[in-house]
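Residues per chain are reported as follows:
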Amino acid sequence: MKIALIGSGAAGCFCAINIKRFHPHAEVHVFERGTKALAKVAVTGGGRCNLTNTFAEVTNLQQVYPRGDKLMRRMLSRFSQHDAMQWFEQAGVRLTVQPDQCVFPQSQDAMEIVHTLLRLMQQSGVVLHLGAHVTSELLRGFDKVVVCTGSFPKSGVPEFLQPYSLEIKTPVPSLFTFTVPTVNKSLMGTVVTDVTVSLAGTKYRANGPLLLTHWGMSGPAILRLSSYAARHLAEATYRAVVVVNWCGEQGEQAVRQHLEHLFSINPHKTVANVWLPWLTQRHWHELLRRASVPATQRCDAINPTLLRRLLSVLTSDHYPVTGRGAYKEEFVTCGGVALNNLSPKTLESKSHPGLYFAGEVLDVDGITGGFNLQAAWSMGYVVAENIAESVGE
């Protein structure tokens, strides 16, 4: 049995290792057009490799998989986040769970994951071809083909896939920061740990920490919003209005009570010297400016008009978005091979037996936090398991 895997990313390498575990006598080849295997894994999580998530705070898979949540429910039932953690621990990787439920190697080094996977591939006899040019003719020599190429390039569907006439959802960026020219540059590096962000005129919204940068806005809240609204933003050519509630999910009434209490216990101070505890003083001064509330105003002299303006900015602050930026070196897309092309149980093509897909090449993507790598592990494992079952192993 000869099996070809196209792409040496997380899904491809993980699938190859598991095929050999299920079917030791299979001849497994991994073809990679680049010069390094697992190049993206090496930089994920800021070079620390956020390899999965405990899912402890996930109440609905659509929260973390904006596209493909139903498929991922099936994949996780076959190879869960707990299975992934156990798999890597058995391979010698010690893991640590952060308070935000993200799982990292204890070494905080993505190269430990890269070296572990490469070592297991070599030990199991997987043949890795770097700088490979895959053609339809080459693949005719294999009994099974697993496509794990990651996102399709701008040039479109690779030549070797064109004969299959697959339905493709146009890939567009999914995790990115917002270019917001009106953000005060002096606030660069400011983090607000709990905000709610939304896109004006839509139902798209997200929660979490927000980071102010020299180009605009970043942090988990913005990255999640960009993922949820990926297609909408692409169609709008990345022009939108982001609405920020600097007080998390608190409404105007709750924030009014906070402010009234704060002002009542500091009556003779100016508003510049009394601020909400989850904001920095510098950020507070900027929000006062945006609300046109004089910094010299005494707390006991705040009139209803000034209070309303301040509440509006604190809970519904509007900023124009004029573009997007990539999230460091990590580039995730939504789109790819449409899921209706495949059997949801095996990830095998319905119309081309022996052709499988796994990873980001499919129209499945997750938010930041380890969910995309978990999708790669789960899909890679399920494909390996089904290939082994198909040959009676």
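Only a predicted model underlies this, so the values are computations on that prediction, with no experimental measurement involved.

Asks: Just checking my understanding: could you explain the sheet that holds strand E2 (residues 27-32) for this structure?
Replies: Paired through backbone hydrogen bonds, the strands of a sheet run either parallel or antiparallel to each other. The strand order E6-E2-E1-E7-E17 describes an open sheet built from five strands, whose pairing is parallel. The two strands at the open ends of the sheet, each matched to only one other strand, are strand E6 (127-130) and strand E17 (355-357). Strand-to-strand twist across the sheet, computed as the mean angle between neighbouring axes with direction ignored, equals 20°. Summarising the sheet, strand E1 (residues 2-6) and E2 pair through five bridges and their orientation is parallel. The partner of Ala-4 across the bridge, within E2, is His-29. In the packing of helix H1 (residues 10-22) onto the sheet, contacts are made with E1, E2 and strand E7 (144-147), and the angle to E1 comes to roughly 165°.

Asks: Explanation requested: empty space enclosed by the protein in the structure shown.
Replies: Picture a little ball the size of a water molecule; that probe, rolled over the atoms, points out where space is still empty. All told, the structure shown has one cavity of 30 Å³ or more when counted by the stated rule. Taken as a whole, the largest cavity holds about 40 Å³ of empty space. What lines the largest cavity is simply Val-183, Asn-184, Leu-187, Leu-212, Trp-246, His-283, Glu-286 and Tyr-319. Its residues assigned to classes, the lining of the largest cavity comprises five nonpolar, two polar and one charged.

Asks: Just to check I follow, could you spell out the packing of helix H2 (residues 69-78) against helix H11 (residues 371-390) for this structure?
Replies: For any two helices packed against each other, the geometry is given by the interaxial angle and the distance between the axes. Put simply, H2 and H11 touch, their axes get as near as 9 Å, and they point 65° apart. Comparing the axis directions of H2 and H11 gives the class roughly perpendicular. The element H2 and its partner H11 pack so that their crossing is left-handed. Contacts between H2 and H11 involve Met-72, Met-75, Leu-76 and Arg-78 from the first element and Gln-374, Ala-375, Ser-378, Met-379, Tyr-381, Val-382, Glu-385 and Asn-386 from the second. Among the residues forming the contact of H2 with H11, the class breakdown is seven nonpolar, three polar and two charged.

Asks: Before we go on, may I ask you to explain the layout of surface pockets in this structure?
Replies: Taken as a whole, the second largest pocket encloses approximately 200 Å³ of empty space. Taken together, 14 residues form the lining of the second largest pocket, with Leu-139, Arg-140, Phe-142, Val-145 and Tyr-164 sitting closest to its centre. The set of elements that each furnish at least two residues to the lining of the second largest pocket consists of helix H5 (136-139) and E7. Looking at the lining of the second largest pocket residue by residue, the classes come out as eight nonpolar, three polar and three charged.

Reading the values: rules and limits
- Residues numbered from 1 in each chain as written.
- Predicted model: local features only at pLDDT ≥ 70, side-chain atom pairs only at ≥ 80, totals over all residues.
- Heavy atoms only, no water.
- Pairing = 2+ DSSP bridges.
- Helix = DSSP H or I, 4+ residues; strand = E, 2+ residues; numbered from the N terminus.
- Axes fitted to C-alpha atoms, helices over the stretch in contact; angles between N-to-C directions.
- Contact = heavy atoms within 4.5 Å.
- 1 Å grid on protein atoms, 1.4 Å probe; cavity = no way out; pocket = protein on both sides within 12 Å on 5 of 7 lines; lining within 4 Å.
- Points joined across faces, edges and corners; volume = space filled by probe spheres on them.
- Nonpolar A, V, L, I, M, F, W, Y, C, P; charged D, E, K, R; others polar.
- Parallel < 35°, antiparallel > 145°, perpendicular 65-115°, else oblique.
- Left-handed = near helix turned anticlockwise from the far one by under 90°.

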